[in-house]
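Close look at the chain arrangement
Each chain is listed here by its residues.
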Amino acid sequence: MRYAGVGLVILAAICWGISGGIADILMSKGWDPITISFYRGAVGFLCFLVWFLIRFSRKWVYTSRLYLWSLLAGVGVAGNFTLYFLSIEASSVAVAATLMYTAPVFVLLISFVLGIERSSWLKWGCIVGVLIGIILLTGAYNIETLSASFLGTAAGLGAGICYAVFIFGFKKASHKGSVETALATAFFFFCVILFVFTDKQEMTDALTSSDIGWFILLGLVGAGVSFILYIIGIRKTAPSTASMVAMVEPVTASLFGVLLLGDQLGMIQLVGMGLILFTITTLSVKQSD
């Protein structure tokens, strides 16, 4: 059972990694990142709604706090999807996925400021290590040869922060009701939020375009199926193990970008990426012990 849980978490991480590549393909076809993000979440919402209805026989619990925390989770995932795709558009799949993976460091810094968590040499060492990795990955050490634009870097880091907001809101919401209810409600709010910002004409055009298959595949791989696999798998997996296997996502996204999309990474960028992944994984494992 333990290995089955790990396998499901790895499969979910691979799906999330592939979703970045699918989004890059759609953006190369001229679709707006917000439209792509909307359909990723909308297809996911339909999957979560079906999952919720299947398990509807369980005790129905709803409170105002469940909806409030789900709203926060919806805002977080809307920001995560959109900023991640904007980062891909402005830099590359590999850079965007790795920058998004830095979220735990920013959560740690906020925890220090708010007094939620005590600082230590290990934690500050991890923070410094991640910052050095970001500098190497984005080429910020030499402005003239910057490998990732300021927009791409800022959007990638913002996607990571929004992901942390989603996790925080989703955990709080799932404590007030079932996981299925929290997830379906969060993605309902996601759809409402992005519907406001999405170009309505482009949204309609996507439904009748030849690329509709890519949109559906992105929603299934990047939200619906992957989130359900992850939630089922995480219940059977130790937190430290889940933290380590989560590294599969940026690695998968990087391989997809390099092998299939023609992204290129220099040796310094690879060192920076490796430093970020190693440091964040170490930090996550230590915190979950």
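In case you missed it, the structure is sitting above this.
Let me sum up the structure you'll find in this document. Note that the coordinates shown come from a computational prediction; the quantities given were computed from them, not determined experimentally.

1. Thoughts on the overall build of the protein
- If you tally the helices and strands in the protein, you get 13 helices and zero strands.
- Along the protein, helices and strands appear, N-terminal first, in the series α-α-α-α-α-α-α-α-α-α-α-α-α.
- The burial tally for the protein puts 51% of its 289 residues in the buried class.
- Sequence separation of 24 or more characterises 86% of the internal contacts of the protein that already satisfy a separation of 6 or more.
- Counting only carbon and sulfur atoms, one obtains 71% of the accessible surface of the protein, whose full area is about 13,700 Å².

2. Regarding helix α4 (residues 93–100)
- Taken across its eight residues, α4 has eight buried, putting it largely inside the fold.
- For α4, the set of buried residues is Val-93, Ala-94, Val-95, Ala-96, Ala-97, Thr-98, Leu-99 and Met-100.
- Of the residues that open α4, the one with a side-chain oxygen 3.3 Å from the backbone nitrogen of Val-95 is Ser-92.

3. Focus: a nonpolar patch on the surface
- On the surface, Leu-46, Leu-49 and Leu-53 cluster together to form a nonpolar patch covering roughly 270 Å² of accessible area.
- Counting through the fold element by element, Leu-46 comes out in helix α2 (residues 33–54).

4. Notes on the side chain of Ser-70
- Positionally, Ser-70 belongs in helix α3 (residues 64–90).
- Overall, the relative accessible area of 0% leaves Ser-70 in the buried class.

5. Here we look at the packing of α2 against helix α9 (residues 200–208)
- In the contact formed by α2 and α9, the axes pass within 10 Å of each other and the chain directions differ by 60°. Considered as vectors, α2 and α9 are oriented oblique to each other. Considering the relative orientation of α2 and α9, their crossing is right-handed. Contacts between α2 and α9 involve Thr-35, Phe-38 and Tyr-39 from the former and Glu-202, Met-203, Ala-206 and Leu-207 from the latter.

6. A closer look at the side chain of Ser-226
- Here Ser-226 shows up in helix α10 (residues 212–234).
- Beyond its immediate chain neighbours, meaning those up to four positions away, Ser-226 contacts Ala-12, Cys-15, Trp-16, Leu-220 and Val-221.

7. Points about the nonpolar core
- Membership of the largest hydrophobic core comes to 49 residues, with the highest contact counts inside it found for Ile-36, Tyr-84, Leu-183, Phe-187 and Phe-227.
- Of all the secondary structure elements, the ones that give two or more residues to this core are α1 (2–28), α2, α3, α4, α7 (150–176), α8 (179–197), α9 and α10.
- Ignoring any residue separated from it by four or fewer positions in sequence, one finds Phe-187 in contact with Gly-41, Phe-45, Phe-48, Val-77, Phe-81, Phe-166, Ala-223 and Phe-227.
- By size, the runner-up hydrophobic cluster in this structure holds 17 residues, among which are Leu-99, Val-130, Leu-137 and Met-273.

8. Some words on the environment of Ala-159
- Topologically, Ala-159 is positioned in helix α7.
- Sequence separation of Ala-159 and Tyr-101 is 58 residues, and the distance between their C-alpha atoms is 8.8 Å.
- In contact with Ala-159, not counting residues within four places along its chain, are Asn-80, Leu-83, Tyr-84 and Met-100.

9. Let's talk about the packing of aromatic side chains
- Applying the stated rule across the entire model yields 19 aromatic pairs.
- Ring pairs connect the aromatic residues Trp-16, Phe-48, Phe-81, Tyr-163, Phe-166, Phe-170, Phe-187, Phe-190, Phe-227 and Tyr-230, which therefore count as one cluster.
- Looking at Lys-200, its charged tip hangs above the ring of Phe-195, at a distance of 4.9 Å from the centre.

Criteria and thresholds
- Residues numbered from 1 in each chain as written.
- Predicted model: local features only at pLDDT ≥ 70, side-chain atom pairs only at ≥ 80, totals over all residues.
- Heavy atoms only, no water.
- Helix = DSSP H or I, 4+ residues; strand = E, 2+ residues; numbered from the N terminus.
- Buried < 20%, exposed > 50% of the residue type's maximum accessible area, 1.4 Å probe, protein only.
- Contact = heavy atoms within 4.5 Å.
- Areas by Shrake-Rupley, 256 points an atom, 1.4 Å probe, with all protein chains shown as cover.
- Polar contact = N/O pair within 3.5 Å; in protein donor to acceptor, adjacent residues only side chain to side chain.
- Patch = residues over 30% accessible without salt bridge, like charges linked within 9 Å, V, L, I, M, F, W, Y side chains within 5 Å.
- Salt bridge = Lys/Arg side-chain N within 4 Å of Asp/Glu carboxyl O.
- Axes fitted to C-alpha atoms, helices over the stretch in contact; angles between N-to-C directions.
- Parallel < 35°, antiparallel > 145°, perpendicular 65-115°, else oblique.
- Left-handed = near helix turned anticlockwise from the far one by under 90°.
- Core = buried A, V, L, I, M, F, W, Y, C linked by side-chain atoms within 4.5 Å.
- Phe/Tyr/Trp six-rings, centres within 6.5 Å; stacked < 30°, edge-to-face > 60°.
- Lys NZ or Arg CZ within 6 Å of the ring centre and 35° of its normal.

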